[in-house]
Amino acid sequence: QVQLVESGGGLVQAGGSLRLSCAASGSISSIGAMGWYRQAPGKQRELVAVIASGGSTNYADSVKGRFTISRDNAKNTVNLQMNSLKSEDTAVYYCNARGVVLRTTLLANAWGQGTQVTVSS
């Protein structure tokens, strides 16, 4: 019922920038919150950034001041601008949507397939 598709991942040198995008599709009335998670090999999945429908944001301490999350409620898209990238940012980045309203149905959680970000030093 809900599809999340990420784009924008790739290989970048330390200190460089990337912009990730995620588009949600389906019979969507509204999405309460959208965000980005990441997971490196052998490590726990962690929250990177989240933005609510009203615009409030929250960031992991490790990315504050470097990453910026934004969304377009009308288009059901979310972006992550990543600047001053470090080797430790290397991971698969996943788009997440919570509180997805589909007509009369509320979907608690939805995930994209992930996009690889590799930062070389």
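Above this note sits the structure.
Keep in mind that this is a model prediction, so the values were computed, not measured.

Student: Sorry if this is basic, but what is going on with the packing of aromatic side chains here?
Tutor: The way to describe two aromatic rings as a pair is by their centre distance and the angle between their planes. By the definition in use, this model includes 1 aromatic pair. Geometry around Tyr37 places Arg45 over its ring, the cationic atom sitting 5.1 Å from the centre.

Student: Just checking my understanding: could you explain the pairing of strand E10 (residues 105-111) for this structure?
Tutor: Each regular strand carries side chains that alternate between the two faces of the sheet. Of the pairings in the sheet, the one linking strand E9 (residues 91-102) to E10 comprises 6 bridges and is antiparallel in character. Residue pairing in the sheet places Ala97 in a bridge with Ala110 of E10. In this antiparallel pair of consecutive strands, E9 and E10, the connection spans 2 residues, and Arg103 shows a positive phi of 55°.

Student: What am I meant to see in the sheet that holds strand E3 (residues 18-26) here?
Tutor: In any sheet, the strands associate via hydrogen bonds between backbone groups, in a parallel or an antiparallel arrangement. If you walk across this open sheet you meet the 4 strands as E1-E3-E8-E7, and the pairing is antiparallel. Among the strands making up the open sheet, the edge pair consists of strand E1 (2-7) and strand E7 (67-72). Neighbour-to-neighbour, the strand axes of this sheet turn through a mean angle of 15°, independent of strand direction. Examined bridge by bridge, E1 and E3 share 6 bridges and lie antiparallel to one another. The partner of Val2 across the bridge, within E3, is Gly26.

Student: It is not clear to me how the pattern of salt bridges should be interpreted in this structure. Could you clarify?
Tutor: Side chains bearing opposite charge may pair, as long as their charged atoms lie close to each other. Under the definition given, this model contains 4 salt bridges. As a salt-bridge pair, Glu46 and Arg38 come within 2.7 Å of each other at their nearest N and O atoms. The class for Glu46 is partly exposed, based on a relative accessible area of 32%. The partner of Arg66 in a salt bridge is Asp89, with the nearest N and O atoms 2.8 Å apart. Here the residue Arg66 occupies a position in the loop between strand E6 (57-59) and E7, and Asp89 occupies one in the loop between strand E8 (77-82) and E9, the gap between them amounting to 23 residues. Exposure remark for Arg66: the relative accessible area of 10% places this residue in the buried category. Owing to a relative accessible area of 1%, Asp89 belongs among the buried residues under this scheme.

Student: Explain the environment of Val50 here, please?
Tutor: Mapped onto the secondary structure, Val50 falls in strand E5 (residues 46-52). Apart from residues no more than four positions distant in its own chain, Val50 is found in contact with Ala33, Met34, Gly35, Ser56, Thr57, Asn58 and Ile69.

Student: Quick question: what am I supposed to make of the nonpolar core here?
Tutor: Generally speaking, nonpolar side chains in soluble globular proteins are found buried as a group. Of all hydrophobic cores here, the largest spans 33 residues; its most connected members are Trp36, Leu80, Met82 and Tyr93. Only E1, E3, strand E4 (30-39), E5, E7, E8, E9 and strand E11 (115-120) provide two or more residues apiece to this core. With 6 residues, the single largest contributor to this core is E9. When near neighbours in sequence (up to four residues on either side) are disregarded, Leu80 contacts Leu18, Arg19, Leu20, Trp36, Val48, Ala49, Phe67, Thr68, Ile69 and Tyr93.

Student: Could you clarify how one ought to interpret the environment of Trp111 in this entry?
Tutor: As for its position among the elements, Trp111 is in strand E10. Residues contacting Trp111, with those up to four places away along its chain left out, are Leu4, Tyr37, Arg45, Tyr94, Cys95 and Asn96.

Student: Where do I start with unusual backbone geometry in this structure?
Tutor: Among all residues except glycine, the phi angle is most often negative; among peptide bonds, the trans geometry is most common. For Asn76, which is not glycine, the phi torsion reads 55° and is therefore positive. With respect to the element layout, Asn76 can be found in the loop between E7 and E8. Take Asn76: its relative accessible area is 12%, and that puts it in the buried class. For Arg103, which is not glycine, the phi dihedral falls at a positive 55°. With respect to the helices, strands and loops of the structure, Arg103 is situated in the loop between E9 and E10.

Cut-offs used in this document
- Residues numbered from 1 in each chain as written.
- Predicted model: local features only at pLDDT ≥ 70, side-chain atom pairs only at ≥ 80, totals over all residues.
- Heavy atoms only, no water.
- Phe/Tyr/Trp six-rings, centres within 6.5 Å; stacked < 30°, edge-to-face > 60°.
- Lys NZ or Arg CZ within 6 Å of the ring centre and 35° of its normal.
- Pairing = 2+ DSSP bridges.
- Helix = DSSP H or I, 4+ residues; strand = E, 2+ residues; numbered from the N terminus.
- Axes fitted to C-alpha atoms, helices over the stretch in contact; angles between N-to-C directions.
- Salt bridge = Lys/Arg side-chain N within 4 Å of Asp/Glu carboxyl O.
- Buried < 20%, exposed > 50% of the residue type's maximum accessible area, 1.4 Å probe, protein only.
- Contact = heavy atoms within 4.5 Å.
- Core = buried A, V, L, I, M, F, W, Y, C linked by side-chain atoms within 4.5 Å.

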